[in-house]
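Each chain is listed here by its residues.
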Amino acid sequence: MRFAAIADIHGNYLALEAVLADIRAQGIADIVNLGDMLSGPLDARRTIDILMTLEAVHVLGNHDRYLLDRPPEKMGSWDRPAHAQLDAAHLGWLRAQPMTHVFRDRVFLCHATPDNDEIYWLDTVHPDGTVAMSPLDRIEQFAQGVTQSLILCAHTHLARSVRLRDGRLIVNPGSVGSPGYRDVHPFPHVVEAGTPHARYAILELVHEGWCVMFRQVPYDHDSMAELARKNGQPTLASALATGWIG
């Protein structure tokens, strides 16, 4: 069993194309997508057109849900411009995707945690804005009730794997299309990947257990940074250009 996990594309179709090309070059046919596909000041329409033709398993992220559960005037600055690019067929396809999924009986897929699409799982934001790995007890608390040996999550855009004391493995593949962002919940903080690469993970079940390979793929990130800058999002433009928040 060998497959690729992608997540947090956020409308960055050039990063998505580069990752899909790299997945094909690795000889991998199966792909799972952990959500937050479209929202951002980039190109949601071209991104969803690619995803709708892709043979993959998809789950919704919080930003995907925001595109469906509220009117445009109630959407945030990343969701409103994405929603404006989508037609009824796009929204219908998005609406058909589940919030969680069990892949081939062995892998549990979710965006953030199994029961909440907005909570950081493998990382915790402290009151001073520091983002650090969550304590193991907290990580295991959110994993209660999940019986699969591999659990995939996303949301923080940070590639990370954590082995639980019972042997289960939780993996965040990192972000395909957004290597940094600012947020104010639960406390003001920044997330920075440190490079502008598009990220994903390859998962393989071998005799000894799950093998994880994190991939960083170069692509024309400067074009996406310029698009973010043109659309009034200098923070994302800095992250796309460098992997850091300017």
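Here's a quick rundown of the structure. Please read all numbers here as calculations on a predicted model, not as lab measurements.

1. Concerning the packing of helix α1 (residues 13–25) against helix α2 (residues 44–52)
Thinking step 1. One can describe the packing of α1 onto α2 by two numbers: an axis separation of 9 Å at closest approach and a directional angle of 30°. Judged on the interaxial angle alone, α2 and α1 are roughly parallel. Counted together, Tyr 13, Leu 16, Glu 17 and Leu 20 of α1 and Arg 46, Thr 47, Ile 50 and Leu 51 of α2 form the full contact between these two elements.
Thinking step 2. Grouping the constituent residues of the contact of α1 with α2 by class yields five nonpolar, one polar and two charged.

2. Focus: the pairing of strand β1 (residues 2–6)
Thinking step 1. Burial analysis of β1 places four of its five residues in the buried class, the great majority of the element.
Thinking step 2. Pairing of β1 with strand β13 (residues 198–206) involves four bridges; the strand directions are antiparallel. Bridging from a neighbouring strand, Ala 4 pairs with Ile 202 of β13.
Thinking step 3. Sheet topology note: the β1/strand β2 (residues 31–33) ladder contains three bridges and is parallel. Following the sheet pairing, Ala 4 is matched in β2 by Ile 31.
Thinking step 4. With α1 bridging β1 and the parallel β2, this β-α-β connection has right-handed handedness.

3. Some thoughts on the layout of surface pockets
Thinking step 1. Estimated volume of the largest pocket: approximately 680 Å³.
Thinking step 2. In terms of lining residues, the largest pocket is bounded by 30 residues, among which Asn 62, His 63, Tyr 181, Arg 182 and Asp 183 are the most central.
Thinking step 3. Where the lining of the largest pocket is concerned, the elements lending two or more residues are α3 (62–69), β6 (123–125), β11 (180–183) and α8 (234–242).
Thinking step 4. Ranked by residue count, the leading element in the lining of the largest pocket is β11, at four residues.
Thinking step 5. For the lining of the largest pocket, the class distribution of residues is nine nonpolar, 12 polar and nine charged.

4. Regarding α8
Thinking step 1. Among the residues of α8, those classed as buried are Leu 236, Ala 237, Ser 238, Ala 239 and Leu 240.
Thinking step 2. A positive phi of about 90° marks Gly 243, the residue just after α8.

5. Brief notes about the pattern of salt bridges
Note on pairing: side chains with opposite charge can pair once their charged atoms come close.
Thinking step 1. Here the structure, examined in full by the defined rule, presents 13 salt bridges.
Thinking step 2. Put simply, Arg 70 and Asp 69 hold a salt bridge, and the shortest N to O gap is 2.7 Å.
Thinking step 3. Taken together, the shared-partner salt bridges in this structure form one network comprising Arg 65, Asp 69, Arg 70, Asp 117 and Glu 118.

6. Let's talk about the sheet that holds β13
Two orientations exist for strands paired in a sheet by backbone hydrogen bonds: parallel and antiparallel.
Thinking step 1. A sheet is described by the order of its strands in space; here five strands give the open sequence β3-β2-β1-β13-β14, paired in mixed fashion. Looking at which strands have only one partner, the edges of the open sheet turn out to be β3 (57–58) and β14 (209–217).

7. Notes on the packing of aromatic side chains
Thinking step 1. Across all of its chains, the model carries three aromatic pairs by this definition.
Thinking step 2. Taken together, the ring pairs connect Phe 3, Phe 103 and Trp 210 into an aromatic cluster.

How each quantity is defined
For every chain, the first residue of the written sequence is number 1, and numbering continues from 1 along that sequence. Predicted model: local features are reported for residues with pLDDT of at least 70 only, side-chain atom pairs are reported and counted for 80 or more only, and whole-chain, interface and lining totals are derived from all residues. Processing note: side-chain calculations cover all non-hydrogen atoms of the structure and skip hydrogens and water entirely. Lines fitted to the C-alpha atoms define the axes, with helices restricted to the stretch that makes contact. Angles between their N-to-C directions range from 0 to 180 degrees. Each helix is a run of H or I in the DSSP string that is no shorter than four residues. Each strand is a run of E no shorter than two, and both are numbered from the N terminus. Each angle is binned into one of four classes, with values under 35 degrees roughly parallel, values over 145 roughly antiparallel, values of 65 to 115 roughly perpendicular, and all other values oblique. Contacts are assigned to residue pairs with any non-hydrogen atoms lying within 4.5 Å of each other. Each residue is assigned to one of three groups, with Ala, Val, Leu, Ile, Met, Phe, Trp, Tyr, Cys and Pro labelled nonpolar, Asp, Glu, Lys and Arg labelled charged, and all others, Gly among them, labelled polar. Note on classification: 1.4 Å probe, protein chains only; a residue is buried when its accessible area is under 20% of the maximum for its type, exposed when over 50%, partly exposed between these limits. We call two strands paired when DSSP finds no fewer than two bridges between them. Crossover handedness is defined here as right-handed if the route from the first strand over the helix to the second strand goes clockwise, with the strands pointing away from the viewer. Both cavities and pockets are sets of points on a 1 Å grid over the protein atoms alone; in a cavity a 1.4 Å probe fits but cannot get out, in a pocket the set is open with protein on both sides within 12 Å along at least five of seven lines, and lining residues sit with an atom within 4 Å of a point. Grid points are joined across faces, edges and corners, and a volume is the space filled by probe spheres set on the points. Salt bridges are defined by distance alone: a side-chain nitrogen of Lys or Arg within 4 Å of a carboxyl oxygen of Asp or Glu. Two rings belonging to Phe, Tyr or Trp (six-membered ring only in the last case) form a pair when the distance between their centres is within 6.5 Å. Interplanar angles under 30 degrees mark stacking, angles over 60 mark edge-to-face geometry, and anything in between is tilted.

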